[in-house]
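As a plain string of letters, each chain reads:
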Amino acid sequence: MSLKQSLKRAGIAFAGAAAVLAMAGASFAADNILIGFSQGTLNHPWRVAMVDGNKKYAEEHYKDVELVVTDGQNDSAKQVADVESLIARGVKVLMISPLTSDALTPVVQQALDAGIKVVTMDRKVNIPVTVHVGALNLPIGEAAGKFLVKALDNKGKVIELQGTGGASATVDRHDGFVKGIEGSGLEVVASQNCDYLRENAVKFMEDQLQRFGPGEIQAVYAHNDEMALGAIQALEAANRLGEVKVVGVDGQNNAFEAIAAGKLAATFTYPYVAPEGIEIAYKLAKGEKVDAEVVLPGKQVDAANIKEMLGTGF
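Quick caveat, the model's predicted, so the values are computed rather than measured. (Residues numbered from 1 in each chain as written. Predicted model: local features only at pLDDT ≥ 70, side-chain atom pairs only at ≥ 80, totals over all residues. Heavy atoms only, no water.)

Colleague: I'm lost on the nonpolar core in this one. Help?
Modeller: Generally speaking, a soluble globular protein has its nonpolar side chains buried in company with each other. Counting residues in hydrophobic clusters, the biggest one holds 42 residues, and the most contacted among them are Ile35, Val119, Met121, Leu148 and Tyr221. Considering each element in turn, this core owes the most residues, 6 residues, to helix H10 (residues 276-285). The residues touching Met121, leaving out its near neighbours within four places in the chain, are Phe37, Met50, Met95, Ile96, Ser97, Pro98, His132, Val133, Val273 and Gly277. In this structure, Ala190, Cys194, Val220 and Ile259 belong to the second largest nonpolar core, which totals 32 residues. (Core = buried A, V, L, I, M, F, W, Y, C linked by side-chain atoms within 4.5 Å. Buried < 20%, exposed > 50% of the residue type's maximum accessible area, 1.4 Å probe, protein only. Helix = DSSP H or I, 4+ residues; strand = E, 2+ residues; numbered from the N terminus. Contact = heavy atoms within 4.5 Å.)

Colleague: What should I look at first to understand the pattern of salt bridges in this one?
Modeller: Between side chains of opposite charge, a pair can form when the charged atoms approach closely. Taken as a whole and assessed by the stated rule, the structure comprises 16 salt bridges. One salt bridge in this structure joins Asp64 and Lys286, with 3.4 Å as the shortest N-O distance. Of this pair, Asp64 sits in the loop between helix H2 (45-61) and strand E2 (65-71) while Lys286 sits in the loop between H10 and strand E11 (293-295), and the two are 222 residues apart along the sequence. Asp64 sits in the buried class, given a relative accessible area of 18%. A salt bridge links Asp207 to Lys203; its shortest N-O distance comes to 3.8 Å. (Salt bridge = Lys/Arg side-chain N within 4 Å of Asp/Glu carboxyl O.)

Colleague: Teacher, can you tell me more about the pairing of strand E1 (residues 33-39) here?
Modeller: The buried fraction of E1 amounts to 7 of the 7 residues, a majority that puts the element mostly inside the structure. Of the two faces of E1, the one holding Ile33, Ile35, Phe37 and Gln39 and the one holding Leu34, Gly36 and Ser38 are both buried throughout. Pairing of E1 with E2, which is carried by 7 bridges, proceeds in the parallel orientation. Note on E2: the bridge partner recorded for Ser38 is Thr70. (Pairing = 2+ DSSP bridges.)

Colleague: What is the right way to look at the layout of surface pockets in this model?
Modeller: Any space left empty among the atoms is revealed by the rolling of a water-sized probe across them. The space that makes up the largest pocket amounts to roughly 180 Å³. Taken together, 14 residues line the largest pocket, and the ones lying closest to its centre are Thr269, Tyr270, Pro271, Tyr272 and Thr312. Taken together, the residues that form the lining of the largest pocket break down as 8 nonpolar, 4 polar and 2 charged. (1 Å grid on protein atoms, 1.4 Å probe; cavity = no way out; pocket = protein on both sides within 12 Å on 5 of 7 lines; lining within 4 Å. Points joined across faces, edges and corners; volume = space filled by probe spheres on them. Nonpolar A, V, L, I, M, F, W, Y, C, P; charged D, E, K, R; others polar.)

Colleague: Sorry, what's going on with the packing of helix H5 (residues 137-151) against helix H6 (residues 168-181) here?
Modeller: Think of two packed helices as two axes; the pair is described by the angle between the axes and how far apart they sit. Running from N to C, H5 and H6 cross one another at 35°; their axes reach a closest spacing of 6 Å. Pair H5 / H6 crosses with right-handed handedness. Mapping the contact onto sequence places Asn137, Leu138, Gly141, Glu142, Ala144, Gly145, Lys146, Leu148 and Val149 in H5 and Ala169, Asp172, Arg173, Asp175, Gly176, Phe177, Lys179, Gly180 and Ile181 in H6. Along the lines of polarity and charge, the residues of the contact of H5 with H6 split into 7 nonpolar, 5 polar and 6 charged. (Axes fitted to C-alpha atoms, helices over the stretch in contact; angles between N-to-C directions. Left-handed = near helix turned anticlockwise from the far one by under 90°.)

Colleague: Just to check I follow, could you spell out the sheet that holds strand E4 (residues 117-121) for this structure?
Modeller: Whenever strands of a sheet pair, they do so through backbone hydrogen bonds, lying parallel or antiparallel. With parallel pairing, the 6 strands of this open sheet are ordered in space as E2-E1-E3-E4-E5-E11. Of all strands in the sheet, those with a lone pairing partner are E2 and E11, marking the two edges. Neighbour to neighbour, the strand axes of the sheet diverge by 15° on average, direction disregarded. Contacting E1, E2, strand E3 (93-97), E4, strand E5 (131-134) and E11, H10 runs over the sheet at an angle of about 155° to E3.

Colleague: Looking at this model, I keep getting lost on unusual backbone geometry. Mind explaining?
Modeller: Across residues other than glycine, the phi torsion is negative in most instances, and most of the peptide bonds are trans. In this chain, Ala274 is followed by Pro275 through a cis amide linkage whose omega measures 10°. Topologically, Pro275 is positioned in the loop between strand E10 (266-269) and H10. Although it is not a glycine, Asp122 sits at a positive phi angle of roughly 70°. Here Asp122 shows up in the loop between E4 and E5. In this structure Asp122 comes out as buried when scored by relative accessible area, which is 4%. In the Ramachandran plot, Tyr196 falls in the positive-phi region, its phi being about 65° despite a non-glycine side chain. With respect to the helices and strands, Tyr196 occurs in the loop between strand E7 (185-193) and helix H7 (198-211). The buried category is assigned to Tyr196, whose relative accessible area is 7%.

In structure tokens:
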């Protein structure tokens, strides 16, 4: 056989093998489970932890899953467009942490109408979905209120740093707190939506420290640790942290460190739904049955148990 014939035969064999591999790859790709994950924003470490935790778990445990993540960029209209794009791509399951309930409800209904199973995480929409998973915000807010009632000996003026207006977590963390201080001598004297952002909390607290002089504020209740840390920053700059007890929510490592340093009175852990989100989505994609609501437990962290909690946050 001539060299030319040998090369020709080798080329045919290689082409045939490549075709088989391509067909196998196409078959594998076709069998992949497409899951969409619409995150409301990635401007906060808690939400980054939610995305990273679910992505890592999927990569390590679900080789047949293609997980497509979108970032709503703290804009409800952008998140609606993200979900519409995921619906058009034909995702089998939609994981979503909605920025606000009202704005995202119609597009979530579109997904359900298209036969897509929907898992809401942390925040809810205004309609029943396939599964909701997260901690309960109302009891956390109530626990924070009761903590401050006890810590302040049943009297004092409080500034409340609320999260994103219209978000289910914000509503519940506020309503729970109101219930927790009901009948006590605690009074909320100022409140504003600071969008769960540290910089917004710093600015609002600076304004309030001008409005209320030394001794006129006894506590700050922040709907998350980022805002609590912002309040601490403003209080320290004004040399008034010693007279104010600050409480947060979420369970960030730097919040735990602030408790250990005596700067933060308490925080309440709020699980970031990883890997529970992708675990539930995968079960649904495989046709398994999951309870309509999966509640993840939270925990109070303060000076009494901070040693065991250091380094366990995100």
